[in-house]
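The primary structure of each chain is shown beneath.
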Amino acid sequence: MKEILQGLYNKSHFKRRLIMVILAVIVMGFALSLLLLADLGTDPCTMMNKAIAKRLGLSIGNWQAIFNTVLLIAVIVFGGRNLGFGTVANMFLVGYSIDFFSMVWERLLPLEWFDILWVKAIVFIPALIIFVLAAAIYMDVDLGTAPYDAVPYIISGHLPKASFKIIRIVFDFATIGVGVLLGGKLEIVTILMALLLGPAIGMVGKKIERILD
């Protein structure tokens with residue numbers, strides 16, 4: 001553990017990277033609050049967590065904190081990788097940022113507007129773009145990934161002959177299945193995000209890598 005922490009601290013531009021990862025996960029929460037408001041679909045993990053939080057009577061921020069903590073313990077036990085400061089930032093700041101910005105929208109915006117399809121579309125498209133950009137920055141900062149994202153890597157380690165992309169897609173669809181069984185609303189956008197979000201983040205990440213170097 002000591003060697004891992006020393007390695008993180010010795011990375012070039014560590015302070016800048018830490019600030020960027022914190023800002024990125026907050027912006028991810030901001031974008032997700034808008035995606036939830038538009039109600040046209042979101043990423044599989046958020047879709048499932050929203051359904052579970054509703055059943056338990058918790059805010060999505062509180063549930064995600066619990067979910068990520070339990071998942072992190074499991075990830076560590078089963079040989080977790082890609083864990084660091086960014087892991088902790090994602091575990092707590094995304095969910096509580098969703099809670100915060102959702103509260104702001106409820107107080108400032110006439111929510112009945114979001115029953116209108118063209119309003120949903122106007123909000124959804126830029127929110128999705130912002131989410132992809134923020135997620136790409138978060139991953140490219142390379143200070144650790146969320147426990148949810150670490151699970152497919154662990155599965156891949158036990159199934160070396162299987163394609164990681166296929167493992168990630170199957171994992172995301174399993175998450176969608178859990179969300180649906182628990183009362184989550186399945187939208188075509190959620191399915192598309194399960195299939196295309198990873199490649200989209202990877203493409204954007206390559207274009208912004210030079211900014212982080």
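Here, every reference points to the structure presented above.
Residues numbered from 1 in each chain as written. Predicted model: local features only at pLDDT ≥ 70, side-chain atom pairs only at ≥ 80, totals over all residues. Heavy atoms only, no water.

## Structural notes on the overall build of the protein
Formally: We count a stretch as a helix when DSSP gives it H or I for four or more residues in a row; a strand needs E for two or more, and each element gets its number in order from the N terminus. Exposure classes here rest on a 1.4 Å probe applied to the protein chains alone. A residue is buried below 20% of its type maximum, exposed above 50%, and partly exposed in between. Contact between two residues is taken to exist if any of their heavy atoms lie within 4.5 Å; hydrogens are not considered. Accessible areas in this description were obtained via Shrake-Rupley with a 1.4 Å probe; residue shielding takes into account the shown protein chains only.
Secondary structure summary: the protein contains 9 helices and 0 strands in total. Each helix and strand of the protein, placed in order from N terminus to C terminus, yields the pattern α-α-α-α-α-α-α-α-α. Counting only residues that meet the buried cut, the protein has 44% of its 213 residues in that class. The contacts of the protein with a sequence gap of at least 6 include a subset with a gap of at least 24, amounting to 75%. Roughly 11700 Å² of accessible area belongs to the protein as shown, and the carbon and sulfur atoms make up 71% of that amount.

## Details of the packing of aromatic side chains
Definition in use: For Phe, Tyr and Trp, rings pair up if their centres lie within 6.5 Å, where Trp contributes its six-membered ring, and each pair is then called stacked (planes under 30 degrees apart), edge-to-face (over 60) or tilted (otherwise).
Tallying each qualifying case throughout the model produces 6 aromatic pairs. Summarising the aromatic geometry, the rings of Trp63 and Phe67 are spaced 6.0 Å apart at their centres and angled 35 degrees between planes, so their arrangement reads as tilted. Placement of the pair is Trp63 and Phe67 together in helix α4 (residues 60-77), with a separation of 4 residues, close to one helical turn. The class of Trp63 is buried, set by a relative accessible area of 13%.

## Remarks on unusual backbone geometry
Its identity is not glycine, yet Asp39 carries a phi of approximately 60 degrees, on the positive side. Checked against the element boundaries, Asp39 lands in the loop between α2 (14-38) and α3 (44-56). Residue classification places Asp39 among the partly exposed positions, given a relative accessible area of 24%.

## Side note on the packing of α4 against helix α5 (residues 85-108)
The relative placement of two packed helices is expressed as an angle between their axes plus a distance between the axes. To be explicit about the condition: The axes used here are C-alpha line fits, helices contributing only the stretch in contact, and every angle between their N-to-C directions lies in the interval 0 to 180 degrees. Roughly parallel covers angles under 35 degrees, roughly antiparallel covers those over 145, roughly perpendicular covers 65 to 115, and oblique covers all other angles. Here a crossing is taken to be left-handed if its near helix is turned anticlockwise relative to the far helix by less than a right angle, and right-handed if that turn runs clockwise. Under the convention adopted here, Pro, Cys and the residues Ala, Val, Leu, Ile, Met, Phe, Trp and Tyr are nonpolar, Asp, Glu, Lys and Arg are charged, and Gly plus all remaining residues are polar.
For the pair α4 and α5, the least separation of the axes is 7 Å and the interaxial angle reads 165 degrees. On the basis of their axis angle, the class for α4 and α5 is roughly antiparallel. Read as a crossing pair, α4 and α5 show a hand that is right-handed. Residues Ile60, Gly61, Asn62, Gln64, Ala65, Asn68, Thr69 and Leu72 of α4 pack against Thr87, Asn90, Met91, Phe92, Val94, Gly95, Tyr96, Ile98 and Asp99 of α5. Here the contact of α4 with α5 is built from residues that sort into 8 nonpolar, 8 polar and 1 charged.

## A look at the nonpolar core
Note the cut-off: Each nonpolar core is a collection of buried residues, namely Ala, Val, Leu, Ile, Met, Phe, Trp, Tyr and Cys, held together in the definition by side-chain atoms within 4.5 Å.
With 37 residues, the main nonpolar core has Met28, Phe131 and Tyr138 as its most contacted residues. Among the elements of the structure, α2, α5, α6 (117-140) and α9 (188-212) are those that each provide at least two residues to this core. Sort the elements by how many residues they give to this core and α2 lands first, with 13 residues. Beyond its immediate chain neighbours, meaning those up to four positions away, Met28 contacts Asn90, Val94, Phe131, Ala134, Ala135 and Tyr138. Membership of the second largest hydrophobic core comes to 13 residues, among which are Ile52, Phe67, Tyr148 and Ala150.

## What about the side chain of Asp43?
This is how the line gets drawn: A residue counts as positive if it is Lys or Arg and as negative if it is Asp or Glu; His and the chain ends are not included. By definition here, a salt bridge exists when the distance from a side-chain nitrogen of Lys or Arg to a carboxyl oxygen of Asp or Glu is within 4 Å. Pairing of N or O atoms within 3.5 Å defines a polar contact, subject to two protein rules: one partner must be a possible hydrogen donor and the other a possible acceptor, and residues neighboring in sequence count only if both atoms are side-chain atoms.
Examined against the element boundaries, Asp43 turns out to sit in the loop between α2 and α3. Buried charge Asp43 goes without a salt bridge, the closest partner of opposite sign being Arg168 at 6.9 Å. Within the structure, the side chain of Asp43 is placed 3.2 Å from the side chain of Thr42, a separation counted as a polar contact. If we skip the residues at most four places from it in the chain, Asp43 touches Leu32, Phe131, Thr190, Met193 and Leu197.

## Comments concerning α3
Side chains that are three or four residues apart share a direction in an α-helix, a result of its 3.6 residues per turn. What counts is decided by this rule: Multiply 1.5 Å by the residue count of a helix minus one, and that product is the helix's expected span.
Between the first and last C-alpha of α3 there are 19 Å, a value that for 13 residues agrees with the 18 Å anticipated at 1.5 Å per step. Residues of α3 that are buried: Pro44, Cys45, Thr46, Met47, Met48, Asn49, Ala51, Ile52 and Ala53. Downstream of α3 by one or two residues, Gly57 has phi in the positive range, about 75 degrees.

## Some details on the packing of α2 against α6
Contact pair α2 / α6: the axes reach a minimum separation of 8 Å and the direction vectors enclose 155 degrees. As summarised for this structure, α2 and α6 are arranged roughly antiparallel, according to the angle between their axes. Relative to α6, the crossing made by α2 is left-handed. Tallied by class, residues from the contact of α2 with α6 come to 22 nonpolar, no polar and 3 charged.

## Description of the environment of Tyr138
For Tyr138, the position within the fold is in helix α6. In this structure Tyr138 comes out as buried when scored by relative accessible area, which is 1%. Sequence separation of Tyr138 and Met20 is 118 residues, and the distance between their C-alpha atoms is 7.4 Å. Beyond its immediate stretch of four places on either side in the chain, Tyr138 contacts Val21, Ala24, Val25, Met28, Gly86, Thr87, Asn90, Gly144, Thr145 and Ala146.

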